[in-house]
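# Structure at a glance
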Amino acid sequence: MKRHLNLPAGLLFFTLILFLSINACAAELYVSKSGNNKNPGTREKPLATIEAARDKVRSITEKTTVFLRQGTYYLSKPIVFGALDTRKNGQEVVFKAFPGEKVIISGATEIVAKWSAGEGNIRKALVPASLIYDQLFLDGKMLRMARYPNYDSTSSHFGGFSSDAISPQKIRSWKNPEGAYVHAMHKHEWGDYHYQVIGKPTDSTLTLSGGYQNNRQMGMHDKYRFIENVQEELDAINEWYFDKKTRTLFVYAPAGTDFSKVKVLAPQIRHLFEFRGTAEVPVQNISLVGFEMTHTLRTFMDTKEPLLRSDWAIYRGAVVVMEGAENCSVKQCDFNAIGGNGIFFSNYNKNNEVSGCHFRNIGASAVCFAGDPAAVRSPSFEYHESVPYAQLDKSPGPKSNNHPSGCRVYNNLMHGLGQVEKQVAGVQISMSMDITVSHNTIYNVPRAGINISEGTWGGHIIEFNDIFNTVLETGDHGSFNSWGRDRFWHPDRGLMDRLTADHPEVIRLDAIKTTVILNNRFRCDHGWDIDLDDGSSNYHIYNNLCLNGGLKLREGFNRIVENNIMINNSFHPHVWFANSGDVFRKNVVTKPYFPIQIKEWGKEVDYNFFPDQNALEQAHSNKTDLHSLAGDPMFVDPASGNYQVKPGSPALTVGFVNFPMDQFGVVSPELKSQAAMVPLPEITSFADSQTKNEIGWLGGRVRNVAGLGDRSAYGLPDEKGVIVETLPGGTILGRSGLQKGDVIRSLNKREVKTVADLMNIFQEVNWMGKGDIEFFRNQSLQALSVSFK
């Protein structure tokens, strides 16, 4: 039956006129590679540049869409939106790729040169000295600066590392390494350092400048380091080197490369778009939609600014920089092969959005938020700094609104981050308030998927994200990581205990709003799935699926953790405060708790569900979990990722409630089709796992010693231990130094009788990044330090 809208004739006529007038007011401009800036910007006579379109929009008061026609637009400087470009509500301007056409915004310039033959496959050319030679792309493929050691995609760190990267012997082999870069992990693997070689004072030493990229100064890692931009190391296909003195560019190209036909590009600028306003005069209502953004300079030598007392230093720059912006957005853009950050929200930003974007193979972080340190009351900038209580500003919250608030990161795919820098994240939040991070898929990152640097000022919502393959090159971290080194923080733990006991009001002076983490799926194989570190306070964490690393709460206050599932792991409470107010209830854990120096257990630790009676009795010995239960939680279909519990599960008895298992990560079909799937674990922690004979570990397979036959074959004193069965090449186990047939007897000086023992110990210590293993080989007990990554 048809339904008709019964409106009076006059009102219907008025509605129709209003509809037509609104649509008639919408303006369109066009930009084309074949256009001319003297044109009016119509579809038939388009403009030639984005700048010209931006300037023309300034005289248009209607809502405007600027369509860019297909092609690559090479920028020699960033497109800047300022006070002249701000728009009122209803008069928004959208810069958008024309439907169905690919539009690329590039920060590179083409190198046009006459190439000649060098040694072997090396080609060389005299090139302009005025250009920057930081990265090189050959027909879209990124080449590597000449480096030692050579690039290896299977390497665990930096695509190749060596402890002798800057050894005296290596230095002697280089004639003039000035301008080279040394990259190294932090000594404790808490991020990274970068240096430029500014001299070679002796035959075997270098003078370096840099090393300011980490806010916890401890020096370079002895092992994880490499050097690039050294002419003598130009010895592998797809490497290049620029000789600044002779203005000669050398490329070790694949055999058969015809340089008369390939396009050689070199990035020249750090940013492509900048929104530059203030809190008083913000840039408003401008959107970027549907572009591929690529070819920006690396920024690792500009990463200098410390972020309060976190481990981070940052560069306030990115492909898109927003500062002093309101109701602006970046949507459905592809950030590909860029040198630094993707998007940076610096200082005042309100109600801005990043959605539907793809961040891949980029130098640093995908999306960063960082407010003005001057908006923080009594700020401290290094871990060991503190402000005496008598001198503390005791007013809660920020001093000003010069910080991001109310912004949203929604439905974005992020992977292959931290190609250059390692103290990075999919989403980094510092000195901000009320940031929503929702339905993002984040994987293959060297550190956290989402990182919150400190408690200023909370109110964030982290929901429905799918985060895995994290902490790949660093250590002591999580898929979600936070610090809370706020105003109450002091490096002297005893003093901090007394301060928070005597003045509990200081605890939430900075973390004024509760941060909520809900309905996410996390998997961290080299740390914790959720890691609340160093004073993180005022969190509510519920309905999260943790697939490997469990959940850690280090010292902090007022955390409620409830109704989460922890597969192959458990709860890690570390060095809590007295009267912390922490709550851990109605969670399903699959191993015993792993407490470290816990004297008091917070407000409530109870009504949880354990894998077996032994784990429950361990909790009882700590005088927790008096109402908790143990047994098989009866997961519906863990093999396909459904960890809801079946009707009749004893977990329901303690108050656990099922939550959705099919809403994690990106939601748009296009991004879903490109996203990798989280690796689902083999469950190793239920009671029946004690009889499980074989399991995957570090990319290989291990099994229990089984009977007298194995004891005889391997020359064992008894029938205990775990036999290495397979070690595929390129896997962590394959690189470990262990061999097929080795029988593991202990891990970190704890006895390994079965695969269950091995996995229980491993899940407790894997965050350390390595472990000491004793094993039988050729009927003798041997020892080896094994890396877990």
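Notes on the structure follow. Note that residues are indexed from 1 along each chain, following the sequence as it is written. Reporting of local features is limited, given that this is a predicted model, to residues whose pLDDT is at least 70; pairs of side-chain atoms are given and counted only at 80 or more, and all residues count toward the totals for whole chains, interfaces and linings. Where side-chain values are given, they derive from all heavy atoms of the structure, hydrogens and water being excluded.

## Focus: the overall build of the protein
Put simply, DSSP H or I for four residues or longer makes a helix, DSSP E for two residues or longer makes a strand, and each gets a number counted from the N terminus. Tallying secondary structure elements over the protein gives eight helices and 66 strands in all. Atoms counted for the radius of gyration: C-alpha only. Globule rule: 2.2 Å times the number of residues to the power 0.38. What you see for the protein is a C-alpha radius of gyration of 29 Å, in line with the 28 Å of a compact globule of 789 residues. Partly exposed residues are those whose accessible area sits between 20% and 50% of the maximum for their type, while under 20% is buried and over 50% is exposed, using a 1.4 Å probe and protein chains only. Going through the 789 residues of the protein one by one, you find that 58% of them count as buried. Contacts are residue-level and defined by heavy atoms, with any inter-residue pair within 4.5 Å sufficient. Considering only contacts within the protein whose residues lie at least 6 apart along the sequence, 66% involve residues at least 24 apart. Computed with the Shrake-Rupley method and a 1.4 Å probe, the accessible areas treat only the protein chains shown as cover for residues. When the accessible area of the protein is evaluated, it comes to approximately 31,300 Å², of which 50% is carbon and sulfur surface. For the purpose of counting charges, residues Lys and Arg are taken to be positive, whereas Asp and Glu are taken to be negative. His and the chain ends are not included. The atom standing in for a charge is NZ when the residue is Lys, CZ when it is Arg, CG when it is Asp and CD when it is Glu. Taken as two groups, the 83 positive and 84 negative side-chain charges of the protein have centres that lie 5 Å from each other.

## Brief notes about the pattern of salt bridges
In what follows, salt bridge is the name for a side-chain nitrogen of Lys or Arg lying within 4 Å of a carboxyl oxygen of Asp or Glu. Enumeration over the complete set of coordinates arrives at 47 salt bridges. A salt bridge links aspartate 434 to lysine 513, with the nearest nitrogen and oxygen atoms 2.7 Å apart. With a gap of 79 residues between them, aspartate 434 in the loop between strand E37 (425-430) and strand E38 (436-438) and lysine 513 in the loop between helix H4 (493-502) and strand E44 (515-518) connect regions that are remote in the sequence. Judged by relative accessible area, which is 25%, aspartate 434 ranks as partly exposed.

## Some points on unusual backbone geometry
In this structure, the amide linkage connecting tyrosine 148 to the following residue, proline 149, adopts the cis form with an omega of -5°. The residue proline 149 is located in the loop between strand E13 (147-148) and helix H3 (168-172) in this model. For the bond running from threonine 456 to tryptophan 457, omega is 0°, close enough to zero to count as cis. Locating tryptophan 457 in the fold gives a position in the loop between strand E40 (448-452) and strand E41 (461-463). Backbone geometry at aspartate 625 places phi at a positive 60°, although glycine is not the residue there. Here aspartate 625 lies in the loop between helix H5 (613-621) and strand E57 (629-630). The class of aspartate 625 is buried, set by a relative accessible area of 1%.

## Let's talk about helix H8 (residues 755-765)
Of all the 11 residues making up H8, nine are buried; the element is thus mostly covered by neighbouring parts of the structure. What H8 keeps buried is the set Val755, Ala756, Asp757, Leu758, Met759, Ile761, Phe762, Gln763 and Val765. Of the surrounding elements, those touching the buried residues of H8 are strand E52 (571-573), strand E60 (694-697), strand E61 (700-704), strand E62 (722-726), strand E63 (743-747) and strand E64 (750-751).

## What about the sheet that holds strand E8 (residues 115-117)?
The strand order across the open sheet formed by five strands is E8-E9-E19-E18-E12, and the pairing between neighbours is mixed. Two strands lie at the open edges of the sheet, namely E8 and strand E12 (144-145), each paired on one side alone. For two strands to count as paired, DSSP must find a minimum of two bridges between them. Where E12 meets strand E18 (residues 239-243), two bridges bridge the pair, whose relative direction is parallel. Looking at E18, one finds that methionine 145 is bridged to tryptophan 240.

## Remarks on the environment of threonine 248
Note that threonine 248 resides in strand E19 (residues 248-252). Each C-alpha atom, one on threonine 248 and one on alanine 129, is 9.0 Å from the other, the two residues being 119 residues apart in sequence. With residues up to four places along the chain from it excluded, the contact list for threonine 248 reads Lys124, Ala125, Leu126, Tyr241, Phe242 and Asp243. Counting of polar contacts relies on pairs of N or O atoms within 3.5 Å, with two restrictions inside protein: one atom must be capable of donating a hydrogen and the other of accepting it, and residues adjacent in sequence are counted only when both atoms are side-chain atoms. Within the structure, threonine 248 has its side chain in polar contact with the side chain of threonine 246 (distance 3.0 Å).

## Side note on the side chain of lysine 789
Within the fold, lysine 789 resides in the segment after strand E66 (780-787). A distance of 3.3 Å separates the side chain of lysine 789 from the side chain of glutamate 189, its partner in a polar contact.

## Quick word on the state of the cysteines
Here, disulfide denotes a covalent bond that connects the sulfur atoms of two cysteines. Our working definition of a disulfide is a cysteine sulfur pair at a distance within 2.5 Å. Summed over all chains, the structure comprises zero disulfides. In this model cysteine 368 remains outside any disulfide bridge; the closest cysteine sulfur is found in cysteine 407, 13 Å from its own. You can see cysteine 546 has no disulfide; the closest cysteine sulfur is in cysteine 524, sitting 11 Å from it. Overall, cysteine 546 belongs to the buried group, its relative accessible area being 1%.

## Topic: H5
The complete set of buried residues in H5 reads Ala615, Leu616 and Ala619. Viewed along the axis of H5, the buried residues span an arc of 100°, placing them on a single side of the element. Its side-chain oxygen at 3.3 Å from the backbone nitrogen of asparagine 614, aspartate 612 defines the N-terminal cap of H5. Two residues or fewer after H5 comes lysine 623, characterised by a positive phi angle close to 65°. An arc is given here, and it is the one of the directions from the helix axis to the C-beta atoms.

## Some remarks on the sheet that holds strand E20 (residues 264-267)
Within a sheet, each strand pairs with its neighbour through backbone hydrogen bonds, oriented either parallel or antiparallel. Here we have four strands laid out as an open sheet, ordered E7-E20-E10-E11, and antiparallel in their pairing. In this open sheet, the two strands that pair with only one neighbour each are strand E7 (108-110) and strand E11 (141-142). Bridge count for strand E10 (residues 137-138) against E20 is two bridges, and the pairing is antiparallel. Each bridged residue has a counterpart across the sheet, and for phenylalanine 137 the counterpart in E20 is leucine 265.

## Regarding the packing of aromatic side chains
Centre distance within 6.5 Å is the pairing criterion for rings of Phe, Tyr and Trp, where only the six-membered ring of Trp is used; planes under 30 degrees apart are then read as stacked, over 60 as edge-to-face, and the remainder as tilted. Evaluated as defined, the whole model comprises 33 aromatic pairs. Judged by centre distance (4.1 Å) and plane angle (25°), the rings of tyrosine 133 and phenylalanine 242 are stacked. Of this pair, tyrosine 133 sits in the loop between strand E9 (122-126) and E10 while phenylalanine 242 is found in strand E18, placing the two residues 109 residues apart along the sequence. Exposure remark for tyrosine 133: the relative accessible area of 10% places this residue in the buried category. Geometrically, the ring pair formed by phenylalanine 571 and phenylalanine 584 is stacked, given 3.8 Å between the ring centres and 5° between the ring planes. In this pair, phenylalanine 571 is assigned in strand E52 and phenylalanine 584 in strand E53 (residues 583-585), connecting sequence segments 13 residues apart.

## Comments concerning the pairing of strand E46 (residues 528-532)
Of all five residues in E46, five are buried; the element is thus mostly enclosed. Examined bridge by bridge, strand E43 (residues 478-482) and E46 share four bridges and lie parallel to one another. In the sheet register, serine 482 faces E46, and the bridge partner there is leucine 532.

## Comments concerning the nonpolar core
Formed by 85 residues in total, the largest nonpolar core has its most connected members in Phe273, Phe275, Val320, Phe335 and Phe359. Of all the elements, helix H2 (residues 50-57) adds the most residues to this core, at four residues. Non-local contacts of phenylalanine 335, meaning those with residues more than four positions away in its chain, are made with Met293, Val319, Val320, Val330, Gly342, Ile343, Cys357, His358, Phe359, Arg360 and Ile362. Buried residues of nine kinds, namely Ala, Val, Leu, Ile, Met, Phe, Trp, Tyr and Cys, make up a nonpolar core once their side-chain atoms join them within 4.5 Å.

## Some points on the pairing of strand E1 (residues 27-31)
Counting buried positions along E1 gives four out of five residues, so the element sits mostly inside the fold. In the sheet, E1 pairs with strand E2 (residues 64-68) via five bridges, with the strands oriented parallel. Considered in E2, the bridge of valine 31 is made with leucine 68.

## Describing the side chain of asparagine 412
Mapped onto the secondary structure, asparagine 412 falls in the loop between strand E35 (408-410) and strand E36 (413-415). For asparagine 412, a relative accessible area of 0% corresponds to the buried category. Polar contacts involving the side chain of asparagine 412 include one to the main-chain carbonyl oxygen of valine 354, which spans 3.1 Å. For asparagine 412, the residues in contact, after removing those within four places along its chain, are Val354, Ser355, Gly356, Cys357, Phe359, His439, Asn440, Thr441, Val666 and Leu671.

## A few points about the environment of valine 678
By secondary structure assignment, the location of valine 678 is in the loop between helix H6 (669-674) and E60. Residues valine 678 and lysine 200, 478 residues apart in the sequence, show an inter-C-alpha distance of 47 Å. Excluding its chain neighbours within four sequence positions, the residues that come into contact with valine 678 are Asp466, Phe468, Arg521, Arg523 and Leu547.

## Here's the deal with the environment of aspartate 222
Checked against the element boundaries, aspartate 222 lands in strand E17 (residues 220-228). Separated by 35 residues in sequence, aspartate 222 and lysine 187 have C-alpha atoms that sit 7.0 Å apart. Apart from the residues lying within four places of it in its own chain, the contact partners of aspartate 222 are Ser163 and Lys187. Side chain to side chain, aspartate 222 and lysine 187 meet in a polar contact 3.5 Å long.

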